[in-house]
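So you can see what is in the structure, the chains are spelled out below.
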Amino acid sequence: MPNKKDNESQDTLRFKAVAPNRNVSDETKIYPARRSSEPSRKNTGSSQAQHANARVNRDGTRYSGQSQQRTGNLKPGTGHRSESELGSIEKMPSRPQRRPESYGSRNPDAVRRRPENASQSADSQNVQRPRSSQPSQNQPQRRQQVQTAKARKRKNPFLSFIAVIIWIAVIVFVLYSSLALYYISKVSPIENTGQFKNDDSQLMYSSSVKNILVIGTDARDASTRGLSDSMILMSVDKKDKKIFMTSFMRDMYTEIEGHGSDKMNAAYSYGGSELLVDTIEDNFKIRIDGCVTVNFSAVAYVVNAFGGVEITVSDSEAEAINTILCSEVNQIMGDDPNSDFLKSGGTYKLNGKQALSYSRIRYVGDADFERTQRQRTVINQLMKNMKKINPLALNKNMKKALPFIGSDMSTMDMYVLSLRLPSLLIGYDIEQMRIPGDDTWWYGETDDGQSILGVDFAANTEILKNKIYLSQK
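The text that follows walks through the structure, step by step, so that each part is easy to find. In this text, all values refer to a predicted model and were calculated from it rather than measured experimentally.

Time to look at the overall build of the protein. Helices and strands together make up the secondary structure of the protein, namely 13 helices and 15 strands. Going through the 473 residues of the protein one by one, you find that 39% of them count as buried. Looking at the protein alone, contacts between residues at least 24 apart form 69% of all its contacts between residues at least 6 apart. Accessible surface, the protein: about 29300 Å² in total, of which carbon and sulfur atoms supply 50%.

Summed over all chains, the structure comprises five aromatic pairs. For the ring pair W441 and Y443, a centre distance of 5.1 Å and an interplane angle of 85° mean the geometry is edge-to-face. An aromatic cluster of three or more residues is present, and its members are F248, F284 and F457.

Read across the sheet, seven strands follow the order 3-12-9-4-5-6-13 without closing on themselves; strand pairing throughout is mixed. Each edge of the open sheet is held by one strand with a lone partner, namely strand 3 (188-189) and strand 13 (429-435). As paired strands, strand 5 (residues 228-237) and strand 6 (residues 242-248) are joined by six bridges and run antiparallel to one another. Across the sheet, the residue bridging to L233 is T246, located in strand 6. On the sheet, helix 10 (residues 367-385) packs against strand 5, strand 6 and strand 13 and is oriented at approximately 165° with respect to strand 13.

Cut-offs and rules
Within each chain, residues carry numbers counting from 1 in the order of the written sequence. A pLDDT threshold of at least 70 governs which residues receive local features in this predicted model, and a stricter bar of 80 or more applies before side-chain atom pairs are shown or counted, although totals over entire chains, interfaces and linings include all residues. Only hydrogens and water are removed before side-chain values are computed, so all heavy atoms of the structure are retained for them. The helix count covers DSSP runs of H or I at least four residues long, the strand count covers runs of E at least two residues long, and both are numbered beginning at the N terminus. Type-normalised accessible area, obtained with a 1.4 Å probe on protein chains alone, sets the label of each residue: buried when under 20%, exposed when over 50%, and partly exposed for intermediate values. Whether two residues touch is decided by their heavy atoms; if any such pair falls within 4.5 Å, the residues are in contact. Here the accessible surface of atoms and residues is derived via Shrake-Rupley with a 1.4 Å probe, and residues count as covered only by protein chains that are part of the display. Classification of ring pairs uses Phe, Tyr and Trp, with its six-membered ring standing for Trp, and accepts pairs whose centres are within 6.5 Å; under 30 degrees between planes counts as stacked, over 60 as edge-to-face, and the remaining range as tilted. Here the rule is simple: two strands pair whenever DSSP picks up at least two bridges between them. To get an axis, fit a line to the C-alpha atoms, keeping to the stretch in contact for a helix; angles then go from 0 to 180 degrees between the N-to-C directions.

So, in structure tokens, the structure goes:
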């Protein structure tokens with residue numbers, strides 16, 4: 001049986017086999033060995049090879065031999081050694097503390113949790129995190145950046161107000177455009193055949209003036225054409241911000257292409273709005289850019305849509321209004337023949353039927369001359385009322401009026417005109433005139449006894465030229 005001294009010398013030799021360049025010091029600390037996770041092996045003749053595969057303890061020390069127990073003496077052949085037999089073990093340099101298994105583990109079942117007490121966790125792992133006692137040099141710069149970001153986030157009240165106004169304007173524009181396009185889609189299109197076409201180079205024209213002919217027909221329903229009861233040229237001068245309303249009298253005796261000589265209003269019955277436009281252009285040398293047709297029902301509904309028109313009527317005019325209401329207008333509108341009568345002359349807010357009857361008065365005053373004046377008065381008052389619109393009444397009556405309104409203008413032209421309508425109503429002055437002008441006409445009679453107006457067309461062409469085109473600044 002080997003003695004204790006022999007065992008110590010053998011342990012020393014075995015350690016030197018692991019670290020031959022190191023000296024064994026008496027001051028070397030003794031650390032207990034942990035139990036090996038491998039099965040216990042018996043000492044054999046290859047003990048030096050086993051010590052060459054030395055293990056490392058948790059605190060970084062190497063130990064030789066196989067796993068040992070803290071208690072009990074070493075028994076021969078067991079591979080366990082007592083603390084007194086491990087005096088020859090030299091302390092190895094400590095290794096960096098490894099993070100717990102849950103951190104950085106590739107095991108998907110591992111749970112990463114932040115310690116509840118960070119200081120206790122650091123103490124348990126013997127980890128000290130150095131903290132600088134002086135503030136970071138970047139802290140003032142970082143603070144400045146934060147303040148700058150907050151300042152940018154603060155909105156200027158004036159800019160916020162402007163943004164709100166812009167959003168409101170966009171919403172109003174979208175709603176207005178949607179309503180305008182809806183109404184335009186309900187207008188009956190008028191197809192031009194191209195049969196009647198004048199040479200534009202021979203007609204008066206200006207890029208700042210747009211001429212729209214409004215034709216009021218005496219058709220009782222949408223299935224008949226009728227005659228042109230009124231013909232009013234609306235000339236919009238965007239340069240001088242003016243609107244000229246020019247009434248063409250229906251009894252002017254003129255040449256109508258393909259139909260000989262006849263009254264001006266007969267052209268509409270022969271060839272519709274296309275032939276009427278051609279007749280006016282041919283006789284007065286003025287270019288017409290588009291036309292709109294309305295019948296009796298459309299006039300009544302449009303006036304109601306804008307809340308009626310305020311007009312002063314005489315006693316004779318009030319009596320004539322009641323006569324026309326009873327004889328035709330109430331019947332056309334499907335009402336009681338004796339409804340909406342006026343008691344006497346005075347200032348009234350005429351509804352659609354009353355305004356229509358007022359514009360058709362012919363045998364009070366100066367016959368057809370005053371009749372055209374009454375028609376322009378209704379349109380003028382109607383345009384004033386457009387500035388204050390009741391949306392509910394507008395929508396209700398316009399839906400009824402649109403089936404009786406037609407136009408030969410394109411959808412885009414009508415839409416652009418509708419966008420300009422608010423500025424036309426607010427910022428444009430309205431002027432009126434009548435064709436034929438004073439001292440340019442005379443009474444006449446046809447072979448079959450019809451009353452007509454003879455007209456000096458050259459003189460009236462000069463009137464139109466001076467009033468609409470040459471009056472521009």
